[in-house]
Amino acid sequence: MLLFVTASATLPDEVPAEGIDLCRYFDGNRGYFFSLYGGYLTVWIGMWAARDLASGKSVVEMLREDYFDYASIIACFALVFVRQRWVSGAFLLITLVWVLYGFGWWTKPLAGS
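These numbers come from a predicted model, not from an experiment.

1. Considerations on the environment of Phe68
Inference 1: Here Phe68 shows up in helix α3 (residues 59-78).
Inference 2: On the accessibility criterion, Phe68 (31% relative accessible area) is partly exposed.

2. Remarks on the packing of aromatic side chains
Inference 1: One pass over the structure, following the stated rule, counts six aromatic pairs.
Inference 2: Consider the rings of Tyr37 and Tyr40, whose centres lie 6.4 Å apart with planes at 20°: the pair is stacked. Taken together, the positions of Tyr37 and Tyr40, both in helix α2 (residues 22-54) and three residues apart, correspond to about one turn of that helix.
Inference 3: Judged by its relative accessible area of 13%, Tyr37 is buried.
Inference 4: Seen from their ring centres, Phe68 and Trp98 are 5.8 Å apart, and the 45° between their planes marks the pair as tilted. Of the two residues, Phe68 is situated in helix α3 and Trp98 in helix α4 (residues 85-102); the sequence distance between them amounts to 30 residues.
Inference 5: A connected cluster of aromatic rings, assembled from ring pairs, spans Phe33, Phe34, Tyr37, Tyr40 and Phe91.

Here is what the cut-offs are and how they apply
Residues numbered from 1 in each chain as written. Predicted model: local features only at pLDDT ≥ 70, side-chain atom pairs only at ≥ 80, totals over all residues. Heavy atoms only, no water. Helix = DSSP H or I, 4+ residues; strand = E, 2+ residues; numbered from the N terminus. Buried < 20%, exposed > 50% of the residue type's maximum accessible area, 1.4 Å probe, protein only. Phe/Tyr/Trp six-rings, centres within 6.5 Å; stacked < 30°, edge-to-face > 60°.

From the geometry alone we can't say anything about function, so treat these as descriptive.
What follows is the structure in structure tokens.
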């Protein structure tokens, strides 16, 4: 549900007949978007962390293996206060690369290959 709300926050609900400036819209909703995205990451990564703790992993092992995940949560909430659009874009691009790499999608063949 939180992921849906986060995705819904990226575009306006209604577009006036004269159109909308998406840059201005993003600038106005950036804090809301990154607080929702940070909440989503916290829940998602928190579930994996709880599972790892329950399976016997130590906190030190988890920090050593998943440090980028925890840094991403902190960065996401910090971006609530950052006003430069390029910083937000760079963070989202890095997050995309992290997801593609983390799930091993670099090495998977394309459909039909």
